[in-house]
Amino acid sequence: MPCDTKELIETRIASIDNYALKLNKVSHFDSNDKKFKFFEVDRGRILINIKPNFSSVNFSALSERQRDSLKNSGLKIKQGIYTIDWKLAIGLGNESVYETAITLHHVYGIPYIPGSALKGIVRSYFILENFSKKENGNIDLKNAEARALKDQGFCDIFGCPKESFYKESRQGKVIFFDALPLSSPKIEPEIMNPHFTEYYSDSSNRVPPADYHDPKPIFFLVVKDTKFEFTLGAKDANVLSIAYDWMNKALKEHGIGAKTSVGYGYFE
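Residues numbered from 1 in each chain as written. Predicted model: local features only at pLDDT ≥ 70, side-chain atom pairs only at ≥ 80, totals over all residues. Heavy atoms only, no water.

K.L.:
How would you explain the layout of surface pockets if you had to name every residue and give the values?
P.N.:
As a volume, the largest pocket reaches approximately 500 Å³. Taken together, 17 residues form the lining of the largest pocket, with Lys35, Lys37, Glu99, Pro217 and Phe219 sitting closest to its centre. Contributions of two or more residues to the lining of the largest pocket are made by β2 (35–37), β3 (39–42) and β12 (218–224). Of the residues belonging to the lining of the largest pocket, the class tally is nine nonpolar, two polar and six charged. (1 Å grid on protein atoms, 1.4 Å probe; cavity = no way out; pocket = protein on both sides within 12 Å on 5 of 7 lines; lining within 4 Å. Points joined across faces, edges and corners; volume = space filled by probe spheres on them. Helix = DSSP H or I, 4+ residues; strand = E, 2+ residues; numbered from the N terminus. Nonpolar A, V, L, I, M, F, W, Y, C, P; charged D, E, K, R; others polar.)

K.L.:
Would you mind going over the pairing of strand β13 (residues 227–234) in detail, with residue names and values included?
P.N.:
Here is the key point about a regular strand: its side chains alternate between the two faces of the sheet. A large share of β13 lies buried, amounting to seven of its eight residues. In this structure, strand β5 (residues 76–83) lies alongside β13, joined through eight bridges in antiparallel fashion. If you follow Ile81 over to β13, its bridge partner there is Glu229. Both strand β9 (residues 175–176) and β13 contribute to a ladder of two bridges, which runs antiparallel. By the bridge assignment, Phe176 is partnered in β13 with Leu232. Direction of pairing for strand β10 (residues 180–181) relative to β13: antiparallel, over a ladder of two bridges. Note that in β13 the partner of Leu180 across the bridge is Glu229. (Buried < 20%, exposed > 50% of the residue type's maximum accessible area, 1.4 Å probe, protein only. Pairing = 2+ DSSP bridges.)

K.L.:
Describe in detail empty space enclosed by the protein, supporting the description with residues and values.
P.N.:
Considering all chains together, one arrives at one cavity of 30 Å³ or more under this definition. Of the volumes computed, that of the largest cavity is approximately 40 Å³. If you trace the largest cavity, you find it lined by Phe59, Leu62, Ser63, Gln66, Leu180, Pro181, Leu182 and Glu229. For the lining of the largest cavity, the secondary structure elements donating two or more residues are α3 (59–71) and β10. Along the lines of polarity and charge, the residues of the lining of the largest cavity split into five nonpolar, two polar and one charged.

As structure tokens, then:
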């Protein structure tokens, strides 16, 4: 946001109720560190904390609006409500003025899971579970996607390029809709604490990963204690049912978003 514009609304920043606007457009700039910051703590004392305020968002109305629009879509619909098992880090690597990011709805400012992200993790999990092995039983992840594209069921659900079962480019028969929270999400900062920053950033290969390097904490935002409604749609009930079952497995066993290897992004 331009400095003169920011100065005009400086006294009203605290009252901004759209979290995406508050977090990304009126960002706090630390002139000493030359960084934008959304959270900072010093010896247990919180110095900066850009908190969300979702009191003006009618989450029930958003959910009802989505359901009403689906009724007139001509699609068969399957929906399920899932709760974050621990914490969710969605959009951590998105472009941002901060070192990390979080995916927020561009209109409502609420955290959500884009349909494209949902489709991506279900597709990835489907390939991993069904096509990771060659015919002789040996693991071969490099060519797993190529084997998947030769499968009719896979192409029907997710779509395919010309080099596939159908020998032509096709759209998938299943639509993965955005997953929206059903109530006010709880967002809080988490910390990554790299101890060997100088070692990892050294291009000369002369800096060792030594204990005398100072750790440099990096904060990121996570969502917790929140229910999301996941929705799939298709005209073919059989294809829809298969896709929904795999989505259910992917959310519980594969996870979505960043840092799934350490427990983030799983649902129940």
